[in-house]
Amino acid sequence: MRSLRQVEALIRPEVRSLSAYHVQNASGLIKLDAMENPYRWPEELVDSWLERLRGAELNRYPDPSAAALKAALCRANGVPEGAEILLGNGSDEIIQILLMAVTGPDVTVLAPEPTFVMYRQIAVSLGLNFVGVPLRQDDFSLDPDAMRAALRLHKPAIVFLAYPNNPTGNLFAADDIRRLLDEAPGLVVLDEAYAPFAAASFMDALPNYDHLLVMRTLSKLGLAGLRLGFLAGAPRWVEQFEKLRLPYNINVLTQLSAVFALEHPEVFAAQTARIRGARENLFRALQALPGVRVYPSRANFLLFRLHGKPAFQVFSALREAGVLVKFFAAETGPLAGCLRVTAGTEEENAAFLAALRNAL
Ligand SMILES: *Cc1c(COP(=O)(O)O)cnc(C)c1O
């Protein structure tokens, strides 16, 4: 057995000091913690998908360039002519590839916070400096002066902006983002994981900025189990990132299934429209609850703050009642007292609201 001392000698200190990404056990619970699409496919669609899978050659390595899938993704997402795309095993992997490409002892990555935790987690794991710039307290909007000052001071190699932002749900003002694009010394990644719910995007702006990269995923659309994300941008950047992508990161089943899914956009359009409707109903219901402040959202989830009851107590009561939401283990700071709930089916949302009313 190797001793703890040997672990300390071998494993980088930044890795030792990280905590692993924790996922709540959801068995038997109504799962409203992870921004999944709650709907399955119609049975006929499942049948034709299985028929398609019959042709999968599991004995062969996947197509390393995934040409068919890339073409389908570009078409479905309106990727502009002249832009290239990079595929990742989820957009999490793309974040890792981007950061591996720039890492170095004096390199900084910047994002407004609170935001998607993987930017910080992966940056720290790779030995990069991570700078989080606080969003405005009252509405989680970007603080343009603070961002500008941080850009000048830290000269980040990459700025991440989740658009809409997770876990706050809001869309940053497009003018604020354009100003950041004008001032950023390095790359700016617009993370559009929630594009299916947002009705806003910087995809069309790609030809105007050679340092802009737009990242999307199929996860929140309804294919979280497939693990497929992509990054669109100028070929000279994508070419470099391609060198770090492991050759067969998108497996045969994912390639076939994603191409199949993209041939049926109407199914996902109907599901995401339903989820957007559910989000609005949920927003109004939460707004009507005393002791609850709910924040406007352009994603498929809502952040709300509890006044009068500790968030952990409410989270636990919800779980007792069979509903899992996201609790932020923060006693202080911008997410203190907050919970995040994913918009599920109408029945799931009704069960959540009933349990919440009880808990308050
Ligand atoms: C969920 C989420 C992702 C992760 O997407 P995967 O493709 O499932 O890895 C990326 N960015 C944001 C902002 C998210 O909320």
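Rules behind the numbers
The residue numbers shown here count from 1 along each chain, following its written sequence. Only residues with pLDDT of at least 70 are given local features in this predicted model, and only at 80 or more are side-chain atom pairs given and counted; all residues enter the totals for whole chains, interfaces and linings. As a rule here, side-chain values come from all non-hydrogen atoms in the structure, and water together with hydrogens is ignored. Runs of E in the DSSP output that reach at least two residues are strands. Runs of H or I that reach at least four are helices, and both are numbered from the N terminus. Atoms considered for the radius of gyration are the C-alpha atoms alone. The globule rule reads 2.2 Å times the number of residues to the power 0.38. Buried means the residue's accessible area, taken with a 1.4 Å probe over protein chains only, is under 20% of the maximum for its type, while exposed means over 50%, and partly exposed covers the values in between. Whether two residues are in contact is decided by their heavy atoms: any pair within 4.5 Å suffices. The rule for pairing is simple: two strands pair if DSSP sees at least two bridges between them. Consider the strands pointing away from the viewer: the crossover is right-handed when the path from the first strand over the helix to the second runs clockwise. Axis definition: a line fitted to C-alpha atoms, over the contacting stretch in the case of helices. Angles run 0 to 180 degrees between N-to-C directions. One heavy atom within 4 Å of a molecule or strand is enough for the residue carrying it to be called near that molecule or strand. Here a polar contact is recorded for every N or O atom pair within 3.5 Å, except that within protein the pair must consist of a potential hydrogen donor and a potential acceptor, and residues adjacent in sequence are included only if both atoms are side-chain atoms. Computed with the Shrake-Rupley method and a 1.4 Å probe, the accessible areas treat only the protein chains shown as cover for residues. Lys, Arg, Asp and Glu make up the charged group, whereas Ala, Val, Leu, Ile, Met, Phe, Trp, Tyr, Cys and Pro make up the nonpolar group; the residues left over, Gly among them, are polar. Ring geometry is summarised as follows: Phe, Tyr and Trp rings, the Trp one being its six-membered ring, pair when their centres sit within 6.5 Å, and such pairs are stacked at plane angles under 30 degrees, edge-to-face over 60 and tilted between the two. We call a charge positioned over a ring when the NZ of a Lys or the CZ of an Arg lies within 6 Å of the ring centre and within 35 degrees of the ring normal. Should a side-chain nitrogen of Lys or Arg be within 4 Å of a carboxyl oxygen of Asp or Glu, the pair is scored as a salt bridge.

**What to know about the overall build of the chain**
Part 1 of the reasoning: If you tally the helices and strands in the chain, you get 15 helices and 13 strands.
Part 2 of the reasoning: A globule of 360 residues ought to have a C-alpha radius of gyration of about 21 Å, and the chain, at 21 Å, matches this closely.
Part 3 of the reasoning: Overall, the C-alpha framework of the chain stretches about 55 × 55 × 55 Å when taken along its three principal axes.
Part 4 of the reasoning: Across the 360 residues that make up the chain, the buried fraction comes to 51%.
Part 5 of the reasoning: Long-range contacts, defined as pairs at least 24 residues apart, comprise 72% of the intrachain contacts of the chain with a sequence gap of at least 6.

**Remarks on the pairing of strand β4 (residues 129-134)**
Part 1 of the reasoning: Where strand β3 (residues 108-113) lies against β4, 6 bridges are found, and the strand directions are parallel. Across the sheet, residue E113 finds its bridge partner in β4, namely P134.
Part 2 of the reasoning: Following the chain from β3 across helix α6 (residues 117-125) to the adjacent parallel β4, one finds a crossover that is right-handed.

**Structural notes on the sheet that holds strand β8 (residues 229-233)**
Part 1 of the reasoning: The strand order across the open sheet formed by 7 strands is β2-β8-β7-β6-β5-β3-β4, and the pairing between neighbours is mixed. Strands at the two margins of the open sheet, each flanked by one partner only, are β2 (84-88) and β4. In this sheet, neighbouring strand axes are inclined to one another by 20 degrees on average, regardless of whether the strands run parallel or antiparallel.
Part 2 of the reasoning: Strand direction decides the pairing type here: strand β5 (residues 158-162) and strand β6 (residues 187-191), joined by 5 bridges, are parallel.

**Comments concerning the site of the ligand**
Part 1 of the reasoning: The immediate surroundings of the ligand are formed by 13 residues, with D191, Y194, T217, S219 and K220 found nearest.
Part 2 of the reasoning: In this structure, an oxygen atom belonging to the ligand sits 2.6 Å away from a side-chain N or O atom of Y194.
Part 3 of the reasoning: S219 places a polar side-chain atom, nitrogen or oxygen, 2.6 Å from an oxygen atom of the ligand.
Part 4 of the reasoning: Burial of the ligand by the protein amounts to 94% of the accessible area it has alone, namely 390 Å².
Part 5 of the reasoning: If you list the elements that add at least two residues to the shell around the ligand, you get α5 (91-102) and α10 (219-223).
Part 6 of the reasoning: Across the shell around the ligand, the residue classes tally to 4 nonpolar, 5 polar and 4 charged.

**Quick word on the pairing of β3**
Part 1 of the reasoning: With 5 of 6 residues buried, β3 lies mostly within the body of the structure.
Part 2 of the reasoning: Bridge count for β3 against β5 is 2 bridges, and the pairing is parallel. The partner of L110 across the bridge, within β5, is V159.

**Details of the packing of aromatic side chains**
Aromatic ring pairs: the centre-centre distance and the angle between the two ring planes describe each pair.
Part 1 of the reasoning: A complete count under the given rule lists 13 aromatic pairs for this structure.
Part 2 of the reasoning: Put simply, the rings of W41, W49, F260 and F268 touch in pairs and so form one group of aromatic residues.
Part 3 of the reasoning: Above the ring of F301, the side-chain terminus of R340 is found at 5.8 Å from the ring centroid.

**Here we look at the pattern of salt bridges**
Part 1 of the reasoning: Under the definition given, this model contains 17 salt bridges.
Part 2 of the reasoning: Connected through salt bridges with shared partners, the residues D145, R148, R152 and E183 form a single ionic network.

**Re unusual backbone geometry**
Most peptide bonds take the trans configuration, and most residues that are not glycine carry a negative phi.
Part 1 of the reasoning: Along the chain, Y163 connects to P164 via a cis peptide bond; the corresponding omega equals 0 degrees.
Part 2 of the reasoning: The topology assignment puts P164 in the loop between β5 and α8 (174-183).
Part 3 of the reasoning: Backbone torsion omega between N166 and P167 reads 15 degrees, so that peptide bond is classified as cis.
Part 4 of the reasoning: Even without being glycine, K155 reaches a positive phi, approximately 40 degrees.
Part 5 of the reasoning: Considering the arrangement of structural elements, one finds K155 in the loop between α7 (144-154) and β5.
Part 6 of the reasoning: On the accessibility criterion, K155 (57% relative accessible area) is exposed.
Part 7 of the reasoning: The residue A199 is not glycine, and still its phi comes out positive at about 50 degrees.
Part 8 of the reasoning: If you trace the backbone, A199 turns up in the loop between α9 (195-198) and β7 (212-217).

**What to know about the side chain of T115**
Part 1 of the reasoning: Considering the arrangement of structural elements, one finds T115 in the loop between β3 and α6.
Part 2 of the reasoning: The exposure class of T115 is buried, given its relative accessible area of 8%.
Part 3 of the reasoning: At 2.7 Å, the side chain of T115 and the side chain of N165 are in polar contact.
Part 4 of the reasoning: Excluding anything up to four places from it in sequence, T115 contacts A162, N165, N166 and P167.

**Details of the side chain of N37**
Part 1 of the reasoning: The residue N37 is located in the loop between β1 (30-31) and α3 (43-54) in this model.
Part 2 of the reasoning: A relative accessible area of 11% places N37 in the buried class.
Part 3 of the reasoning: Side chain to side chain, N37 and Q271 meet in a polar contact 2.9 Å long.

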